[in-house]
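A closer look at the structure
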Amino acid sequence: MKLGWPVEIVGTGMWLPETVVTNDDLARVVDTTNDWIVQRTGIRERRRAKPEEATLLLATRASQAALADAGVTPEEVDAIIVATVTPEYQLPATASLLQTELGCRWIQAFDLGAACSGFVWAFQVGAQQIITGVARTVLVVGAETLTRITDQQDRGTCVLFGDAAGAVVLRAATDPARSILAMRAGADGARGRLIYIPGGGSKEPASHRTVDERLHYMHMQGREVYKFAVTQMHTVLDETCADAGVSVSDLKLVIPHQSNLRIIESACEKAGLPMEKVLINIDRYGNTSSASIPLALDEAVRDGRIKPGQTVLMCALGAGISWASALVRL
Ligand SMILES: CC(C)(COP(=O)(O)OP(=O)(O)OC[C@H]1O[C@@H](n2cnc3c(N)ncnc32)[C@H](O)[C@@H]1OP(=O)(O)O)[C@@H](O)C(=O)NCCC(=O)NCCS
């Protein structure tokens, strides 16, 4: 096994909107059923932010929880990275606003847009800031209000997505046993429009027409994403383990991005990974994009599924199509 990079997660936190939307709630709005959603996705309910709850609020609450858990004050934070595709505004970065909400110094603060794999990309960038000595303490956040960009009239997408935020605090590891063993990331832009928002960007700036044609919502070719996700998740899992010189059976826990229970089950089966080692909470929260992994991580820390010294693999895939992984000894 490689020695890895001496970076550790010293705190985790999350925040969820209170409003629960069940499959039956959605079946009253679009032509779907609870059975269809459970069978095809594993999702039973998801959270929806109230109109006055936007991404900055979710990010702030999750960050405050992570800082408290780490025993780190806002003044000690050297960098904030927010992974999101649903920023507070198009401009400026949500991370910049978060810096003030938290009471941090004038530190580096930027957003990272890699959709559902965004948190793991941000985790990697944050770790690299520490490894290169640019920062000592980094706050990495995944925060999304996906229900704002999901067409609630489109049954192919509205059943999948929910709102949430999660955060971790990273620091240079003092205990040499704690480290990041391997990190992988990549993207295939040829599949870039399998999940995309056609309107509101520079290609199709906002106009009455783009709004009338519902181009500001997420458009997705679900079946194509599904097929690619199964193969690529399995490949990334294998490659990350190989980089670290560990076998899949050495992993204590895998935290996959919660996109679809069937994607996760198929990818894990291909990798020879028993589902007892795989963290699942998609049934309660749906796909929360960049929030899904820090959310699951925080839950696993709280309920004792993650213990010090364990080898845990985080692995995500999303729009881009992009993917990222991090194998961490906690
Ligand atoms: C979206 C997804 C659940 C659809 O499941 P699927 O088994 O692939 O279903 P298909 O898209 O092939 O559609 C099958 C049928 O179900 C229908 N359908 C789609 N959504 C439905 C819903 N919510 N309720 C009932 N029927 C639905 C389709 O219209 C289609 O009907 P048809 O055969 O009459 O045309 C699945 O493709 C998926 O999860 N893809 C990955 C999406 C994802 O993870 N995106 C984010 C990546 S991070």
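Everything quoted here is computed from the prediction, not taken from an experiment. (Residues numbered from 1 in each chain as written. Predicted model: local features only at pLDDT ≥ 70, side-chain atom pairs only at ≥ 80, totals over all residues. Heavy atoms only, no water.)

1. Some remarks on helix H3 (residues 55–70)
The condition that has to hold: The way it works is that DSSP assigns letters per residue, a run of H or I at least four long becomes a helix, a run of E at least two long becomes a strand, and they are numbered from the N terminus. How far a helix is expected to stretch is found by multiplying one less than its residue total by 1.5 Å. Each residue's exposure class comes from its accessible area (1.4 Å probe, protein chains only) as a fraction of the maximum for that residue type: buried when under 20%, exposed when over 50%, partly exposed otherwise.
Helix length check: H3 (16 residues) gives 22 Å between terminal C-alpha atoms against 22 Å at 1.5 Å per residue, within 8%. Here H3 has its buried residues at Thr55, Leu56, Leu58, Ala59, Thr60, Ala62, Ser63, Ala66, Leu67 and Ala70. Trailing H3 by a residue or two, Gly71 shows a phi angle of about 70°, which is positive.

2. Examining the packing of aromatic side chains
Where two aromatic rings form a pair, the distance of their centres and the angle of their planes describe that pair. This is how it is decided: Stacked, edge-to-face and tilted labels apply to pairs of Phe, Tyr and Trp rings (six-membered ring for Trp) whose centres lie within 6.5 Å, assigned for plane angles under 30 degrees, over 60, and everything in between, in that order.
Evaluated as defined, the whole model comprises two aromatic pairs. On the basis of an interplanar angle of 45° and a centroid distance of 6.3 Å, the ring pair of Phe119 and Phe123 is categorised as tilted. Placement of the pair is Phe119 and Phe123 together in helix H5 (residues 118–131), with a separation of four residues, close to one helical turn. This pair shows no difference in class: Phe119 is buried, exactly as Phe123 is. Each ring, one from Phe228 and one from Trp323, has its centre 6.0 Å from the other, and the planes form 55°; the classification is tilted.

3. Observations concerning the domain arrangement of the protein chain
Note the following rule: Where each domain begins and ends is defined by an automated method or by a domain database. The contact criterion used is simple: two residues touch if any of their non-hydrogen atoms lie within 4.5 Å. As a working definition, buried area equals the accessible area (1.4 Å probe) given up by two parts on being put together, with both sides summed. A side-chain nitrogen of Lys or Arg and a carboxyl oxygen of Asp or Glu constitute a salt bridge if their distance falls within 4 Å. By the criterion applied in these results, polar contacts are pairs of N or O atoms within 3.5 Å in which, for protein atoms, one can donate a hydrogen and the other can accept it, and in which residues neighboring in sequence qualify only through two side-chain atoms.
For the protein chain, the domain assignment lists domain 1 (2–172) and domain 2 (179–329). Put simply, the middle of domain 1 and the middle of domain 2, counted by C-alpha atoms, are 14 Å apart. Listed per partner, the contact involves 57 residues of domain 1 and 50 residues of domain 2. When the two sides are added together, the surface that domain 1 and domain 2 hide from each other amounts to roughly 4200 Å², 63% of it contributed by carbon and sulfur. The residue Arg214 makes a salt bridge to Asp151 at a minimum N-O spacing of 2.9 Å. For the pair domain 1 and domain 2, the interface holds 22 residue pairs in polar contact (both at pLDDT 80 or more). At the level of elements, strand E1 (7–15), helix H2 (34–41), strand E3 (45–47), H5, strand E6 (137–145), helix H6 (155–158) and strand E7 (163–172) are the ones that each hand at least two residues to the side of domain 1 that touches domain 2.

4. Examining the site of the ligand
Put simply, the test is: Nearness here has a simple test: a residue counts as near a molecule or strand if at least one of its heavy atoms is within 4 Å of that partner. To measure how exposed things are, a 1.4 Å probe is used in the Shrake-Rupley method; for residues, cover is taken only from the protein chains shown. Classification convention: Asp, Glu, Lys, Arg as charged; Ala, Val, Leu, Ile, Met, Phe, Trp, Tyr, Cys, Pro as nonpolar; all other residues, Gly among them, as polar.
By nearness alone, 23 residues border the ligand, and Thr32, Arg40, Arg155, Arg223 and Asn260 come closest of all. Separating an oxygen atom of the ligand from a side-chain N or O atom of Arg40 is a distance of 2.7 Å. Within the side chain of Arg155, an N or O atom sits 2.9 Å from an oxygen atom of the ligand. The protein chains hide 73% of the 950 Å² of surface that the ligand would expose on its own. Among the elements of the structure, H2, H6, helix H8 (222–244), helix H9 (261–271) and strand E12 (311–318) are those that each provide at least two residues to the shell around the ligand. Ranked by residues supplied to the shell around the ligand, first place goes to H8 with four residues. By residue class, the composition of the shell around the ligand is nine nonpolar, nine polar and five charged. Counting only domains with at least three residues in the shell around the ligand, you end up with domain 1 (2–172) and domain 2 (179–329).

5. Looking at the packing of H3 against helix H4 (residues 94–102)
Put simply, the rule reads: Note on definitions: angles span 0 to 180 degrees between N-to-C directions of axes, and those axes are lines fitted to C-alpha atoms, for helices only across the stretch in contact. In what follows, roughly perpendicular refers to angles from 65 to 115 degrees, roughly parallel to angles under 35, roughly antiparallel to angles over 145, and oblique to any angle outside these ranges. Note on convention: the crossing is left-handed when the near helix lies turned anticlockwise from the far helix by less than a right angle, right-handed when the turn is clockwise.
Packing of H3 against H4 brings their axes to within 10 Å, and their N-to-C directions diverge by 55°. It follows from the interaxial angle that H3 and H4 lie oblique. Considering only the axes of H3 and H4, their crossing is right-handed. In contact with Leu56, Ala59, Thr60, Ser63, Gln64 and Leu67 of H3, H4 contributes Thr94, Leu97, Leu98, Glu101 and Leu102. Taken together, the residues of the contact of H3 with H4 break down into six nonpolar, four polar and one charged.

6. As for the pattern of salt bridges
Evaluation of the coordinates by the stated rule reveals 16 salt bridges. We note a salt bridge from Glu18 to Lys50, for which the minimum N-O separation is 4.0 Å. Taken together, the residues span a long stretch of sequence, with Glu18 in the loop between E1 and strand E2 (20–22) and Lys50 in the loop between E3 and H3 at a distance of 32 residues. Residue Glu18 is classed as exposed on the basis of its relative accessible area of 64%. The partly exposed category is assigned to Lys50, whose relative accessible area is 28%. Two residues, Glu204 and Arg209, come together in a salt bridge whose shortest N-O distance is 2.4 Å. Residue classification places Glu204 among the partly exposed positions, given a relative accessible area of 24%. In this structure, a network of salt bridges that share partners links the residues Asp69, Asp298 and Arg302.

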